[in-house]
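Per-entry structural report
Okay, here's what each chain looks like letter by letter:
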Amino acid sequence: MDVSHDTLVGISKSYGLFYLIALSIAVAVYVFWPRNKSKFDRAAKNILNDEDGPWR
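Everything in this summary refers to the structure shown in the same document. (Residues numbered from 1 in each chain as written. Predicted model: local features only at pLDDT ≥ 70, side-chain atom pairs only at ≥ 80, totals over all residues. Heavy atoms only, no water.)

Quick word on the overall build of the protein
Counting its secondary structure elements, the protein contains two helices and zero strands. Carbon and sulfur atoms form 65% of the exposed surface of the protein, whose accessible area is close to 5,700 Å². (Helix = DSSP H or I, 4+ residues; strand = E, 2+ residues; numbered from the N terminus. Areas by Shrake-Rupley, 256 points an atom, 1.4 Å probe, with all protein chains shown as cover.)

Quick look at the structure:
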């Protein structure tokens, strides 16, 4: 089976595009899932809990 470089590049670009689109959709679903809201709110507020003075 002789596969040329151009064929491999075309296949990898096509599947890479679909892979990145699927990964982006999966991340967006995870971020906007209602059950994760409390986790993200707690993480956003947790940074500010110990900020009562300068760093040093």
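Some points on the packing of aromatic side chains
Inspection of every chain in the model, using the stated rule, returns one aromatic pair. When the ring of tyrosine 30 is compared with that of phenylalanine 40, the centres are 6.0 Å apart and the planes differ by 85°; the resulting orientation is edge-to-face. Here phenylalanine 40 lies in helix α2 (residues 37–46) and tyrosine 30 lies in helix α1 (residues 5–32), a separation of 10 residues in the sequence. Since its relative accessible area comes to 42%, tyrosine 30 is described here as partly exposed. (Phe/Tyr/Trp six-rings, centres within 6.5 Å; stacked < 30°, edge-to-face > 60°. Buried < 20%, exposed > 50% of the residue type's maximum accessible area, 1.4 Å probe, protein only.)

Remarks on a nonpolar patch on the surface
Side chains of Ile11, Tyr15, Leu17, Phe18, Ile21, Ile25, Val29 and Trp33 sit close together on the surface and give an oily, nonpolar patch of about 850 Å² of accessible area. The topology assignment puts leucine 17 in helix α1. (Patch = residues over 30% accessible without salt bridge, like charges linked within 9 Å, V, L, I, M, F, W, Y side chains within 5 Å. Salt bridge = Lys/Arg side-chain N within 4 Å of Asp/Glu carboxyl O.)

Considerations on the pattern of salt bridges
Applying the stated rule across the entire model yields one salt bridge. Residue aspartate 41 pairs with lysine 37 through a salt bridge whose shortest N-O separation is 2.9 Å. In this pair, aspartate 41 and lysine 37 are both assigned in helix α2, four residues apart and thus about one turn of the helix distant.

Points about the side chain of asparagine 36
Looking at the secondary structure, you find asparagine 36 in the loop between α1 and α2. Reaching out from asparagine 36, the side chain makes a polar contact with the backbone oxygen of tyrosine 30 at a distance of 2.8 Å. (Polar contact = N/O pair within 3.5 Å; in protein donor to acceptor, adjacent residues only side chain to side chain.)

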